[in-house]
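A closer look at the structure
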Amino acid sequence: MEKEISQAVIGRLPRYFRYLGELKDNGVQRISSQELSSLMKVTASQIRQDLNNFGGFGQQGYGYNVEYLYQEIGNILGLNVEHHLIIIGAGNLGQALANYLNFEKRGFLFKGIFDCNPALYGRKVRSLTVQPMEAVESFILENQVDIAVLTIPKESAVEVADMLVKNGVKAIWNFAHVDLNVPEGIQVENVHLSDSLMKLSYNLAKYNSQPT
């Protein structure tokens, strides 16, 4: 039986990947857990525990081979294959995501962008042309879409998510301000921007309330 990895550990993997990528680009060939701890502000023990979930990757007295660990974490994160994405919602957020080039470097390829506003039809967003929602179903079938990105109002998000799932989309990156209930096996990552901002507000208020 495959070992169940906690979401907390999975949530730290992209950060390891980012830091290792920067080290690799700077010509660093190996690094110890203590050195990585100093860079990331995560304890060396936590780093070792996290990586041991996937086999460890380190050698005592040597540390970690940066290039190898970077590639292995990329494989764990599924970055060794291309993912085809569509964006539902061609407003400011949808267009900003489509214009973010770093996604393509990681193998996330935007194939289409859709909206229900006729005023946006035909508008170019990089290499994509905004299409009407009526075209989504046939587009998914023709382009083997893996992931749909929702940047639409919450009122329509549930209905749209149901349509996406029925047409074979297996993962949804959801920026709509509603938590989606989807069938088992469908992966959803809910991104509530206001939640993140409120967390920042809390930390700011807590810091400002400390005696000087």
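Here the structure is shown first, and the text comes after it.
A few points on the structure. (Residues numbered from 1 in each chain as written. Predicted model: local features only at pLDDT ≥ 70, side-chain atom pairs only at ≥ 80, totals over all residues. Heavy atoms only, no water.)

Among the residues of helix H2 (residues 33-40), those classed as buried are Ser-33, Leu-36, Ser-37 and Met-40. End-on, the buried residues of H2 take up no more than an arc of 105°, which puts them together on one face. For H2, the elements touching its buried residues are helix H1 (7-25), strand E1 (30-31), helix H3 (44-52) and strand E2 (64-65). Once H2 ends, the next one or two residues include Lys-41, with phi positive near 60°. (Buried < 20%, exposed > 50% of the residue type's maximum accessible area, 1.4 Å probe, protein only. Helix = DSSP H or I, 4+ residues; strand = E, 2+ residues; numbered from the N terminus. Arc of directions from axis to C-beta. Contact = heavy atoms within 4.5 Å.)

This part covers the pattern of salt bridges. In this structure the tally under the stated criterion is 3 salt bridges. Asp-25 is the partner of Lys-24 in a salt bridge, and the nearest nitrogen-oxygen pair spans 3.7 Å. For Lys-24, a relative accessible area of 27% gives the class partly exposed. Of the charged contacts, one joins Arg-126 and Glu-104 as a salt bridge, the two residues approaching to 2.9 Å between their closest N and O atoms. Of this pair, Arg-126 sits in the loop between strand E5 (124-125) and strand E6 (128-132) while Glu-104 sits in helix H6 (residues 102-105); the two residues are 22 residues apart in sequence, bridging distant segments of the chain. According to the relative accessible area criterion, Arg-126 is partly exposed, its value standing at 34%. Overall, Glu-104 belongs to the partly exposed group, its relative accessible area being 35%. (Salt bridge = Lys/Arg side-chain N within 4 Å of Asp/Glu carboxyl O.)

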